[in-house]
Amino acid sequence: VSWLDHDLGQGPSGTAIRLARPTVVRNLLDDPRIGPWRSIIEKYAIRSALALPLIADGTTIGVLSIYSSEFDAFSETEFELLEEISSDLVYGITILRLREEHARSERALHKSEDTYRSLFDNMFNSVVHCRIIFEDERPVDYEFLAVNPAFATVTGITQPVVGRRISEIVPGYCQDNPESLDVFSQV
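Calculation rules
- Residues numbered from 1 in each chain as written.
- Predicted model: local features only at pLDDT ≥ 70, side-chain atom pairs only at ≥ 80, totals over all residues.
- Heavy atoms only, no water.
- Phe/Tyr/Trp six-rings, centres within 6.5 Å; stacked < 30°, edge-to-face > 60°.
- Helix = DSSP H or I, 4+ residues; strand = E, 2+ residues; numbered from the N terminus.
- Buried < 20%, exposed > 50% of the residue type's maximum accessible area, 1.4 Å probe, protein only.
- Salt bridge = Lys/Arg side-chain N within 4 Å of Asp/Glu carboxyl O.
- Pairing = 2+ DSSP bridges.

A. Main features of the packing of aromatic side chains. Applying the stated criterion to the full structure yields 3 aromatic pairs. Measuring from ring centre to ring centre gives 5.6 Å for Y116 and F120, while their planes differ by 25 degrees; the resulting arrangement is stacked. Linking Y116 with F120, this pair stays in helix α3 (residues 76–122), spanning 4 residues, or about one helical turn. Since its relative accessible area comes to 46%, Y116 is described here as partly exposed. Arranged with centres 6.5 Å apart and planes meeting at 50 degrees, the rings of Y142 and Y173 form a pair that is tilted. Of this pair, Y142 sits in strand β5 (residues 138–147) while Y173 sits in helix α6 (residues 173–176), and the two are 31 residues apart along the sequence. We classify Y142 as buried; its relative accessible area is 7%.

Given below as C-alpha cells:
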C-alpha cells in the first residue's frame, strides 16, 4: 500500500491519506483501482472498504482502514461512529507523542544539568553565581545563589554562603569595592 499517486496508491487507504479525506468503496469487485489487490480481495472475500485519514494539526499521520465481507457495508451511523473513533485515535496518538517528546526533553535537560553540574563542581577556579541587589536603581549588594567547591579553597571562606549577601559574609566589601558592583550590574 502506498499513498503516492500511482497504482499502489489508488486503494482506499492510499487515497484517504493522499487526499486527507474519508474514502468509501462500496463494491471492491467493481472498482478498477483495486487491481493490485484483486487476488487478496477475492481470497479473503472482502467486498467493501472504508478508510479514514488520521489527521493531526493538518497533517495526515495514518489511516484507519476497515474492510467488510458485505457489499455497501457501512451505514451513515457506522460511518459517523468510525469517524469519532478515528478522532479519538488521533487524540491518543497526539498525547502519546507529546508525552514522548516531553520525556525526551526531560532526558536532554537532565543530561545538560549533569554536564553543567560536573563542570561547575570540578573547576579549579572559583565560580560564583550571584544576584545583584538594587536599592533606588543602584547596585548595593550581591546575594550568593551558587558557589562551586573551589570557592572555599580560593577565598578561604568556608562558611555556607548560598542564600546570603556578601555584606554578611565580608562586612564592608560593598563599600570598599563599589566599582565591582557597578561593573557587574552592567552585565
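The discussion continues.
B. View of the pattern of salt bridges. All chains considered together, the criterion is met by 8 salt bridges. With a shortest N-O distance of 3.2 Å, R107 and E100 are connected by a salt bridge. Relative accessible area serves as the criterion here: at 38%, E100 is assigned to the partly exposed category. Measuring nitrogen to oxygen at the nearest pair gives 3.3 Å for the salt bridge that ties R117 to D121. Of this pair, R117 and D121 both sit in helix α3, 4 residues apart, roughly one helical turn. For R117, a relative accessible area of 40% puts it in the partly exposed group.

C. Main features of unusual backbone geometry. The backbone of A45 shows a phi angle near 55 degrees, a positive value even though the residue is not glycine. The topology assignment puts A45 in the loop between α2 (38–43) and β2 (48–56). Residue D72 is not a glycine yet carries a positive backbone phi of 45 degrees. Along the chain, the position of D72 falls in the loop between β3 (59–68) and α3. Classification of D72 by relative accessible area gives partly exposed; the value is 46%.

D. Focus on the pairing of β2. Burial analysis of β2 places 8 of its 9 residues in the buried class, which makes it a mostly covered element. Judged from the 3 bridges that link them, strand β1 (residues 23–25) and β2 form a sheet pairing that is antiparallel. In the strand pairing of β2, V24 is matched with L50. Relative to β3, β2 runs antiparallel, the two sharing 9 bridges. The partner of L52 across the bridge, within β3, is L64. A loop of 2 residues connects β2 with β3, the two strands running antiparallel in sequence, and D57 in this loop sits at a positive phi of about 50 degrees.

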